[in-house]
Amino acid sequence: MNRLESKLKPLLRSFVENGPPGCALSVSSNGETIFEDYVGLADIETKKEIASDTIYRIYSMTKVVTCTAALMLYERGLFLLNDPLEEYLPEFKDSQVYRKNELGELYTSPAKRSITVKDLFTMTSGLTYPGEGNETEQQVGKAMQELGGKLTTRTIAKSLASIPLAFDPGTKWHYGLSHDVLGAFIEVLSGKTFGQFLQEEIFEPLHMKDTFFRIPEDKKDRLASNYTRDESGKLRKNTEMDSHIQADAKFESGGGGLLSTLGDYSRFAQMLACGGKLDRERIIGRKTVNLMATNHLTQENNDQYNWGYLSGYGYGLGVRTLVDPALGGINSSIGEFGWSGLLGTWVLIDPKENLSAVYMQQMLPNLEAYHQPRLRAVIYGEI
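Everything numeric here is computed off the predicted structure, so don't read it as measured data. (Residues numbered from 1 in each chain as written. Predicted model: local features only at pLDDT ≥ 70, side-chain atom pairs only at ≥ 80, totals over all residues. Heavy atoms only, no water.)

Draft legend 1. Focus on the overall build of the protein chain. Of the regular secondary structure elements, the protein chain holds 11 helices and 17 strands. Taking 383 residues into account, the globule formula puts the C-alpha radius of gyration at 21 Å, and the protein chain, at 20 Å, falls close to it. In terms of overall dimensions, the protein chain has a C-alpha envelope of 65 × 45 × 45 Å along the principal axes. A buried classification covers 56% of the 383 residues belonging to the protein chain. Carbon and sulfur atoms form 48% of the exposed surface of the protein chain, whose accessible area is close to 16100 Å². Considering the protein chain, the positive charge centre built from 41 side chains and the negative charge centre built from 49 side chains are found 2 Å apart. (Helix = DSSP H or I, 4+ residues; strand = E, 2+ residues; numbered from the N terminus. Rg over C-alpha atoms; globule rule 2.2 N^0.38 Å. Buried < 20%, exposed > 50% of the residue type's maximum accessible area, 1.4 Å probe, protein only. Areas by Shrake-Rupley, 256 points an atom, 1.4 Å probe, with all protein chains shown as cover. Lys, Arg positive; Asp, Glu negative; His and termini not counted. Charge placed at Lys NZ, Arg CZ, Asp CG, Glu CD.)

Draft legend 2. Structural detail: the environment of Gly 141. You can see Gly 141 is positioned in helix α4 (residues 135–147). A relative accessible area of 18% means that Gly 141 is categorised as buried. Note: C-alpha distance between Gly 141 and Thr 128 (13 residues apart in sequence) is 9.7 Å.

Draft legend 3. Summary view of the packing of aromatic side chains. Within this structure, the stated rule accounts for 17 aromatic pairs. Seen from their ring centres, Trp 173 and Tyr 305 are 4.9 Å apart, and the 75° between their planes marks the pair as edge-to-face. You can see Trp 173 sitting in the loop between α5 (153–161) and α6 (178–190) and its partner Tyr 305 sitting in the loop between α9 (286–292) and β12 (313–315), a full 132 residues away along the chain. Each member of the pair Trp 173 and Tyr 305 is classed as buried. A centroid spacing of 5.7 Å and a plane angle of 50° characterise the contact between Tyr 175 and Trp 339, whose relative ring orientation is tilted. Residue Tyr 175 is located in the loop between α5 and α6, and its partner Trp 339 is located in strand β14 (residues 337–340); the two are separated by 164 residues in the primary sequence. (Phe/Tyr/Trp six-rings, centres within 6.5 Å; stacked < 30°, edge-to-face > 60°.)

Draft legend 4. The layout of surface pockets, seen in detail. The calculated volume of the second largest pocket comes to roughly 190 Å³. Considering the residues around the second largest pocket, the lining is formed by Tyr 98, Arg 99, Lys 100, Leu 106, Asn 134, Glu 135, Thr 136, Ala 166, Phe 167, Lys 172, His 174 and Gln 304. Every element with two or more residues in the lining of the second largest pocket is listed here: β5 (96–100) and α4. Across the lining of the second largest pocket, the residue classes tally to four nonpolar, four polar and four charged. (1 Å grid on protein atoms, 1.4 Å probe; cavity = no way out; pocket = protein on both sides within 12 Å on 5 of 7 lines; lining within 4 Å. Points joined across faces, edges and corners; volume = space filled by probe spheres on them. Nonpolar A, V, L, I, M, F, W, Y, C, P; charged D, E, K, R; others polar.)

Draft legend 5. Structural context of a positive patch on the surface. A contiguous patch of positive charge on the surface is contributed by Lys 277, Arg 280, Arg 282, Arg 286 and Lys 287. Tracing the chain through its elements places Arg 280 in the loop between β10 (277–278) and β11 (281–282). (Patch = residues over 30% accessible without salt bridge, like charges linked within 9 Å, V, L, I, M, F, W, Y side chains within 5 Å. Salt bridge = Lys/Arg side-chain N within 4 Å of Asp/Glu carboxyl O.)

Draft legend 6. Representation of the sheet that holds strand β17 (residues 363–364). Read across the sheet, three strands follow the order β8-β7-β17 without closing on themselves; strand pairing throughout is mixed. Strands at the two margins of the open sheet, each flanked by one partner only, are β8 (235–237) and β17. Summarising the sheet, strand β7 (residues 227–229) and β17 pair through two bridges and their orientation is parallel. Paired with Tyr 227 across the strands is Met 363, a residue of β17. (Pairing = 2+ DSSP bridges.)

Draft legend 7. Main features of the environment of Pro 164. The residue Pro 164 is located in the loop between α5 and α6 in this model. Take Pro 164: its relative accessible area is 13%, and that puts it in the buried class. Spatially, the C-alpha atoms of Pro 164 and Thr 108 are 7.1 Å apart, while their sequence positions differ by 56 residues. Excluding residues that lie within four positions of it along the chain, Pro 164 makes contacts with Gln 96, Val 97, Tyr 98, Thr 108 and Thr 136. (Contact = heavy atoms within 4.5 Å.)

Draft legend 8. Layout of the pairing of strand β6 (residues 106–110). Here five bridges tie β5 to β6, and the two strands are oriented antiparallel to one another. Across the sheet, the residue bridging to Gln 96 is Pro 110, located in β6. Here β5 folds back onto β6 in antiparallel fashion, the turn holding five residues, of which Gly 104 has a positive phi close to 85°.

Draft legend 9. Highlighting the pairing of strand β15 (residues 346–350). Counting buried residues along β15, five of its five residues qualify, which places the element largely inside the surrounding structure. Here β15 shows two buried faces, one formed by Trp 346, Leu 348 and Asp 350 and the other by Val 347 and Ile 349. In the sheet, β14 pairs with β15 via four bridges, with the strands oriented antiparallel. Each residue of the ladder has a partner; that of Phe 337, found in β15, is Ile 349. Hairpin connection, β14 to β15: the antiparallel pair is bridged by five residues, and Gly 344 has positive phi, about 100°. As defined by bridge partners, β15 adjoins strand β16 (residues 355–360) across five bridges and the pair is classed as antiparallel. Within β16, the position partnered with Val 347 by the bridge is Val 358. Hairpin remark: β15 followed by β16, antiparallel, with four residues in the connecting loop; positive phi at Asn 354, about 50°.

Pasting the structure below:
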C-alpha cells in the first residue's frame, strides 16, 4: 500500500462510518488513475455494494459539463461571452427587475442592461432557483409547478424570461437556473437537443457510456439509492427526488440532471486536467480551460459568493476556482477548479499538476464541508 492509499482508504471508511452508506473515490494524474476505491453499500436494504459500475445522481456536477459544452461552441465562433443573451434567446429581450421603494413596496422596472451569455456562466444573470427568499424565487417556483410535465430545456427558458429578475444583470452572484438556460442556449446554437449534443460531442469521444439524463431500463439496478441521515444517524431511503431521471422525463437540466459513474466522470475530469484532451481526443482547447478556471467575479458582485467551505475560492465560468490559498487554508494550486453536487458528489481539477479527483456518494445532508476539504488536503499532501 502506497502513502496515498494508506491515508485515503481509512478516511473513506471513516466517512461511511459517520455518513453515507457507501462512497467511491478516484484520483488521476496525467490521465492515469493513481487511486481508486469503493467503500460500503449502494443500497442498505439489499446489501448491494458500491462497485465500479454504480450509477450516481451527480446533480450540480452537471454544471461543469454544461459549461464545457457551451465553451466548445464559443471555440467555434458561434458566440462571444459578452454578447447579449437576447441575440440567441429573443425571449430575454427587455428584461424587468423586481425592486423595492423606500417604503419596502415591491415594483418592477427595466433592467439596467441585458443579460449577457457570460452572466449565465457566472451566475450573475438575476435568474434564481425556486424558493422563498425573494419574489423572483417565488415566481420561479410557481412557473415550474405550472409547467409540470411540459417542462423542457426550451420551455423553462421561455418561462423564466417572463419573470422579473432578482437584480440587475452583472451586479450580484446568485446560485440559480442560469446553467439550465445555458442548456437551451446550446440547443439553439447547435441545432441539436441538449442531450444529443452532450452525447455526440463529449460522452461518445470520451467513452462515457453510463452518463445520461434518463436512466435506461436495463441499467436501473445499478443506480445507488439516495439516503437522508437524521440527527440520530439513522439513514432513510429517499425516492422523492427521482422524477427527473425516469425514462419518460423530458427535461434535460443543464444545472443538475445528469447521472454518471465514477469512471465516466473521472474521464471527463481527466480531460480538463490534461488541458482539454484525453487519449488523443481533443474536446476543448487548453486556453479555454484556463479561461474557465479564471475568477470572473469582481469586488462589486461577489458578496453572496460566501459559502464557508469555499473560502479562498472565486468563481469562474461555472466552477469554483482557487484564488487565495491562505484565506481558505488550502494546499492546492491557484487555479484548481471544479464543483460539487447536492448529494455530496465532488470533482477537483488541476491543470497545473495534470491532476483530477472525483468523489461519489448519495446522501443528505451531504456533509460536503467536512468530506471534500479533507480529501483535497490528503491528495495534495502526496504530490
